[in-house]
Amino acid sequence: MTDLDIARSVTPQPIGEIASRLGINPELLEPYGKTKAKIPLEALREPQGQLVLVTAISPTPAGEGKTTVTVGLTDGLNRIGLRAAAALREPSLGPVFGIKGGAAGGGRSQVIPMEDINLHFTGDFAAVEKANNLLAALIDNDLQRKNRVGLDPRTIVWKRVMDMNDRALRNLVIGLGGKAGGVPRESGFNITAASEVMAILCMSLDLVDLRERFGRIYVGDTWDRQPVFARDLKAPDAMAILMRDAIKPNLVQTLEGNPAILHGGPFANIAQGTNSLIATRMALGYADWVVTEAGFGADLGAEKFLNLKSRAGELQPSVAVLVATVRALKYHGGVALADLGVPNAEAVARGSANMAKHIENLQSFGLPVVVAINAFAADTPEEQNAIRSAASAYGVQAVLSEG
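An account of the accompanying structure is given in this report. (Residues numbered from 1 in each chain as written. Predicted model: local features only at pLDDT ≥ 70, side-chain atom pairs only at ≥ 80, totals over all residues. Heavy atoms only, no water.)

### Details of the side chain of Asn361
Selection rule: The way it works is that DSSP assigns letters per residue, a run of H or I at least four long becomes a helix, a run of E at least two long becomes a strand, and they are numbered from the N terminus. Between two residues, a contact is recorded if the distance between any of their heavy atoms is within 4.5 Å.
Looking at the secondary structure, you find Asn361 in helix 13 (residues 345–363). Contacts of Asn361, omitting those with residues within four sequence positions, involve Asp299 and Glu303.

This is the structure:
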């Protein structure tokens, strides 16, 4: 069965029941149909739960499965009687239609409704896009209207965004068409998840904080080399209004009917790479255990989580789960992508040097570390034992994850 077949084989529970299981009054929810809802910010409570940070070895084309392990671990904790919730990013629509595909977990460790989550969901990405592009329109309108703030068009760094992979739009000349078309200048498009608006959404504590952060967005320089910010264009109020619903986190469920809060989706290579601070704090206010993830490898997403998000939100993970796969470690051990299905415990051992460095990095933050071996059917016991042996050299247990 494909991931889609598995997701469609499960009948989702009413979202009000999921909220009740977490301890949130269903009357507070703002439903988007029967299986997803927004949680208003007045439902926020002081964090009380334990936070589990799921991260991974250096990414490879073979994949590691952070989301799959995050969802599986959430289901497992609930299975043994603990109140646990997942806190995840929303997928970007561009990669959904690209090589990467969706980002709602895999196999029996998925969040649903999978199609909704991977497509337009509750409209958060559309709101980010509109807020971003409103600022872009205000910039070009100011240039057209005698440039009241004195912007030097050559220094403008703010681009428009759309939630699609479209490399032809990365670099453009805009403002053509004579006097009515604006002031010609170089610009372009980014993908929505790469917008600074998305990064700000996921670092903000509330709508007021969001608005203030919008005001500090750097736009470019004046002709006399002074910085110009979004507040100089009187953009923050209008941008914040467009985000009034998008700032509320989204409640969905795993295939086993356990709570998952999805919100935001900044990329880890250019931003913090984790879901929103609001969503994580919302989950920690109700669940005993909250399982969250950070994008890319531990040297990128996890370190940004610990250095940026944890400090801004006064969060302290209790443990880090480092996801590794036999296939990925073979790739790090020098095996070609086409040969990863061939058993090779020696290559796993060589590639485990990558895992070992990530363990060292995480331990430098004072975090207990557990290695999750995201299991595949083609793995051999010898290959999995090579991972266990490499982890044990750093006092770390490597556990088979079969979610």
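Okay, back to it.
### Digging into helix 6 (residues 124–144)
Put simply, the rule is: Here the expected length of a helix is defined as 1.5 Å per residue gap, with one fewer gap than residues.
Taking 1.5 Å of rise per residue, the 21 residues of helix 6 would be expected to cover 30 Å, and the 30 Å separating its terminal C-alpha atoms lies within 8% of that figure. Positioned one or two residues after helix 6, Lys146 has a phi angle of 65°, which is positive.

### Some words on the packing of aromatic side chains
To be explicit about the condition: Stacked, tilted and edge-to-face pairs are distinguished by plane angle, under 30 degrees for stacked and over 60 for edge-to-face with tilted covering the rest, among Phe, Tyr and Trp rings (Trp via its six-membered ring) whose centres lie within 6.5 Å. Geometrically, a lysine NZ or arginine CZ counts as sitting over a ring once it is within 6 Å of the ring centre and also within 35 degrees of the ring normal.
Under the defined criterion, the tally for this structure stands at one aromatic pair. Summarising the aromatic geometry, the rings of Tyr218 and Phe229 are spaced 6.3 Å apart at their centres and angled 65° between planes, so their arrangement reads as edge-to-face. Residue Tyr218 is found in strand 11 (residues 218–221), and its partner Phe229 is found in strand 12 (residues 227–229); the two are separated by eleven residues along the sequence. Note that Arg231 overlies the ring of Phe229, its terminal NZ or CZ placed 4.5 Å from the centroid.

### A few points about the pairing of strand 3 (residues 50–56)
Heads up, the rule is: Accessibility here uses a 1.4 Å probe with only protein chains present; expressed as a share of the type maximum, an area under 20% marks a residue as buried, one over 50% as exposed, and anything in between as partly exposed. A strand pair is defined by DSSP finding two or more bridges across the two strands.
By the criterion of burial, strand 3 is predominantly enclosed, with six of the seven residues buried. The pairing of strand 3 with strand 15 (residues 289–293) spans five bridges and is classified as parallel. Counted as the bridge partner of Leu53 is Thr292 from strand 15.

### Quick look at the layout of surface pockets
Stated formally: In the cavity and pocket records, a cavity denotes points on a 1 Å grid over the protein atoms alone where a 1.4 Å probe fits but cannot get out, a pocket denotes an open set with protein on both sides within 12 Å along at least 5 of 7 lines, and lining residues are residues with an atom within 4 Å of a point. Grid points are joined across faces, edges and corners, and a volume is the space filled by probe spheres set on the points. By the convention adopted, Pro, Cys, Tyr, Trp, Phe, Met, Ile, Leu, Val and Ala count as nonpolar, Lys, Arg, Asp and Glu as charged, and the other residues, Gly among them, as polar.
Here the second largest pocket defines a volume of roughly 250 Å³. Lining the second largest pocket, in full, are Val69, Gly72, Leu73, Val321, Val370, Ala372, Gln397, Val399, Leu400, Ser401, Glu402 and Gly403. Going through the elements one at a time, helix 3 (66–79), strand 17 (369–374) and strand 18 (397–401) are the ones with two or more residues in the lining of the second largest pocket. Looking at side-chain class alone, the lining of the second largest pocket contains seven nonpolar, four polar and one charged residues.

### Some thoughts on the nonpolar core
One broad rule of soluble globular proteins: the nonpolar side chains tend to lie buried together. Worth spelling out the cut-off: Think of a nonpolar core as a cluster: buried Ala, Val, Leu, Ile, Met, Phe, Trp, Tyr and Cys residues, connected wherever their side-chain atoms sit within 4.5 Å.
Core analysis: the biggest nonpolar cluster contains 50 residues, and Leu322, Met355, Val371 and Ile387 have the highest contact counts within it. Top contributing element to this core by residue count: helix 10 (residues 277–284), with five residues. When near neighbours in sequence (up to four residues on either side) are disregarded, Met355 contacts Ile57, Leu322, Ala324, Leu329, Val371, Ile387, Ala390 and Ala391. Counting 29 residues, the second largest nonpolar core, distinct from the first, contains Leu151, Trp158, Val228 and Leu233.

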